[in-house]
Amino acid sequence: MKVTIINTGGTFNKRYNPIKGQLEVPADNIALDKIVASCFNIDFEIKTVVSKDSLDMTDSDREQICEAVRNTKNENIIIIHGTDTVHLTSALIKEQKIEKKIVFTGAMVPMSIDEVEATMNFSQALGFLNAEVENGTYISMHGVVVDCSKLVKDRQKGQFLIKE
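Residues numbered from 1 in each chain as written. Predicted model: local features only at pLDDT ≥ 70, side-chain atom pairs only at ≥ 80, totals over all residues. Heavy atoms only, no water.

Here the focus is helix α3 (residues 86-95). Within α3, the full set of buried residues consists of Val86, Thr89, Ser90, Leu92 and Ile93. Taken around the axis of α3, the buried residues stretch over an arc of 155°, which confines them to a single face. (Buried < 20%, exposed > 50% of the residue type's maximum accessible area, 1.4 Å probe, protein only. Helix = DSSP H or I, 4+ residues; strand = E, 2+ residues; numbered from the N terminus. Arc of directions from axis to C-beta.)

And the structure:
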C-alpha cells in the first residue's frame, strides 16, 4: 500500500523550545517519523506543506494544502492538521471534489508530551485507508473516522464528537 502524508503542523507536531520557553510547531517530521518507523509493508511519501498551528493558517495556506492534494499522484492521503481549524481545511478540500481518499488527523496534545493520542489517531486513519472505502474527505479523531462534515470539535469537553 502507498500512502502520502501531508504534514501541515498543528499540535500533533509541537515541541517545547527551552530557549523561548514555549511550544512551537517545527518545520520537520520528527513526530511523524517516529510513528511511520513502526509501520511495515507501507510505502510512505511525506510532504511538509505549511508547518504552523492551525489557528495561524490563512486562506492561502489552505490553498497550498489543496494544491498539494491535487498534485499528489497517490490516491491514499493522510493530512496531519491542527484540530482548531481542521473543519475549515477539510471542507475546502471536500468542495474541490478530488477523487482520492483523504483522511485528516491530528492531536489535541503534542506527541512530544504524550504519544498516545497522536499515534492512535494516525493509526486509525491508516487502518481506515486499508479498508475498502469510497473516495472522499474524512476526519480521524478519538475513535471514529467519518465524513469531514460530520465531526465537530467540542471545546468544552476537549474532544471530537459526531454531529447529531
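We now examine the nonpolar core. Counting residues in hydrophobic clusters, the biggest one holds 23 residues, and the most contacted among them are Val3, Ile5, Phe12, Phe44, Ile78, Phe122 and Leu126. Only β1 (2-9), α1 (30-36), β5 (76-80) and α4 (115-130) provide two or more residues apiece to this core. Of all the elements, α4 adds the most residues to this core, at six residues. Leu126 has contacts with Val3, Cys39, Ile42, Phe44 and Ile78, leaving out every residue within four places of it along the chain. Counting residues in each nonpolar core, the second largest holds 21 residues, with Val50, Ala68, Val86 and Phe160 among its members. (Core = buried A, V, L, I, M, F, W, Y, C linked by side-chain atoms within 4.5 Å. Contact = heavy atoms within 4.5 Å.)

On to the layout of surface pockets. Over the atoms, a rolling probe the size of a water molecule traces out where space has been left empty. Put simply, the largest pocket is a space of about 170 Å³. Lining the largest pocket are 14 residues, with His87, Cys148, Leu151, Val152 and Lys163 sitting closest to its centre. The set of elements that each furnish at least two residues to the lining of the largest pocket consists of α3 and β9 (151-154). Counting residues per element, the lining of the largest pocket draws most heavily on α3, which supplies four residues. Residue classes in the lining of the largest pocket are distributed as six nonpolar, four polar and four charged. (1 Å grid on protein atoms, 1.4 Å probe; cavity = no way out; pocket = protein on both sides within 12 Å on 5 of 7 lines; lining within 4 Å. Points joined across faces, edges and corners; volume = space filled by probe spheres on them. Nonpolar A, V, L, I, M, F, W, Y, C, P; charged D, E, K, R; others polar.)

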